[in-house]
Structures are given as C-alpha cells and as structure tokens.
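Secondary and tertiary structure notes
Each chain, written out:
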Amino acid sequence: MSYATLLFPDYQTAVAAAMALGFWDIVNDQLLTQGQTIRPDGTAFSWAIDEIGLDPVVVPGEYDEEGNELTASLRLQGYAVNACGELPEAVNTCASPYGSAARVFSGPAPEPVALEPLNGNYRRAVAVPMDEA
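Residues numbered from 1 in each chain as written. Predicted model: local features only at pLDDT ≥ 70, side-chain atom pairs only at ≥ 80, totals over all residues. Heavy atoms only, no water.

To continue, consider the overall build of the protein chain. Scanning the protein chain for helices and strands turns up 1 helix and 13 strands. For the protein chain, the sequential pattern of α-helices and β-strands runs β-α-β-β-β-β-β-β-β-β-β-β-β-β. Across the 133 residues in the protein chain, those meeting the buried criterion constitute 39%. The long-range fraction of contacts in the protein chain, counting pairs at least 24 apart against all pairs at least 6 apart in sequence, stands at 55%. (Helix = DSSP H or I, 4+ residues; strand = E, 2+ residues; numbered from the N terminus. Buried < 20%, exposed > 50% of the residue type's maximum accessible area, 1.4 Å probe, protein only. Contact = heavy atoms within 4.5 Å.)

If you want it as structure tokens, here you go:
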C-alpha cells in the first residue's frame, strides 16, 4: 500500500487530476473518499482519499522574547489531499512528501520534510534525507 500527500497549485487542478485518476464522483460533483478504479488493462486498484484543502499549513513565524515578529508566518502553497492504496504512477507528478500538509492517515509515519521559501507568503514542501530529519 502506498501513502502520498498530493499537492496541486489550486482546486481546479486538483479536480482535473481527480477526474483523470477516477477519484471524482461525477453524479454528485465531489471528490470520492474511497473506491476502486479499473485500469486500462482491466485490473482494479483500491484507494482512499483525505481532502485537506487549500493552503493547508501555516508555518509559524519567529518572535523574540518580547513578542516582536522576526520573520512572518507563511503558508504551504496549494490544494492538498492525502491518498493511500494502490495508487497509479500518475500521482507521482503531484506528490509532495507524505505528511507535509500536516495530516496523515493513522499508522504510517510522515516523511521527513523541510519547508523552503517559494514566493511571497508561501513555502514549498521538500523531502529531506532521514539522517537530516
């Protein structure tokens, strides 16, 4: 079983990817939370989704002893979902380190992650080697 945090630039991109991967309920126009999808070769894969949402993580700022702001709070940029199961390889194009959106499924530990400056008020999640975590 695979676990992944998928981070999209915005909600519309997340919806398009969910539709392409078979994770979208067309009748109710919403993200499915679990299911089974048939691959083009006829085999099935099972999966579960935890929708986290837009700009999911606030990276706290730094403050001195008197409470004066030294660095401003920033957000992790993008629309995030966690996915688990037999995930298609296509999810790798939008994968961020698992757990980087500050939420995980019960059981697996999150990957070590660092948050690097991206632009303006946002940061990007990147994996770090285990010995640096």
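Under the definition given, this model contains 1 salt bridge. Here Asp50 ties to Arg103 by a salt bridge, and the two come within 2.8 Å at their closest N and O atoms. One end of the pair, Asp50, is in strand β5 (residues 44-54); the other, Arg103, is in the loop between β11 (95-96) and β12 (113-119), and 53 residues separate them in sequence. The class for Arg103 is partly exposed, based on a relative accessible area of 36%. (Salt bridge = Lys/Arg side-chain N within 4 Å of Asp/Glu carboxyl O.)

The next point concerns the nonpolar core. Within the largest apolar cluster, 20 residues are counted, with the highest numbers of intra-cluster contacts made by Leu6, Phe8, Phe23, Leu31, Ile49 and Val81. Elements with a contribution of two residues or more to this core: β1 (2-8), α1 (11-21), β5 and β10 (79-85). In terms of residue count, α1 provides more of this core than any other element does, 5 residues in total. Setting aside its immediate chain neighbours within four residues, Phe23 contacts Ala18, Leu31, Leu32, Phe45, Trp47, Ile49 and Pro88. Core analysis: the second largest hydrophobic core is formed by 6 residues, Leu7, Ile52, Val57 and Ala80 among them. (Core = buried A, V, L, I, M, F, W, Y, C linked by side-chain atoms within 4.5 Å.)

In space, the 5 strands of this open sheet follow the order β4-β5-β10-β1-β11, with antiparallel pairing throughout. In this open sheet, the two strands that pair with only one neighbour each are β4 (34-38) and β11. The pairing of β1 with β11 spans 2 bridges and is antiparallel. Residue pairing for β11: Thr5 is matched across the bridge by Ser96. (Pairing = 2+ DSSP bridges.)

Considering the arrangement of structural elements, one finds Thr5 in strand β1. Separated by 2.6 Å, the side chains of Thr5 and Asn82 make a polar contact. If we ignore the near neighbours within four places in the chain, the residues touching Thr5 are Val81, Asn82, Cys94, Ala95, Ser96, Pro97, Tyr98, Gly99, Ser100 and Ala101. (Polar contact = N/O pair within 3.5 Å; in protein donor to acceptor, adjacent residues only side chain to side chain.)

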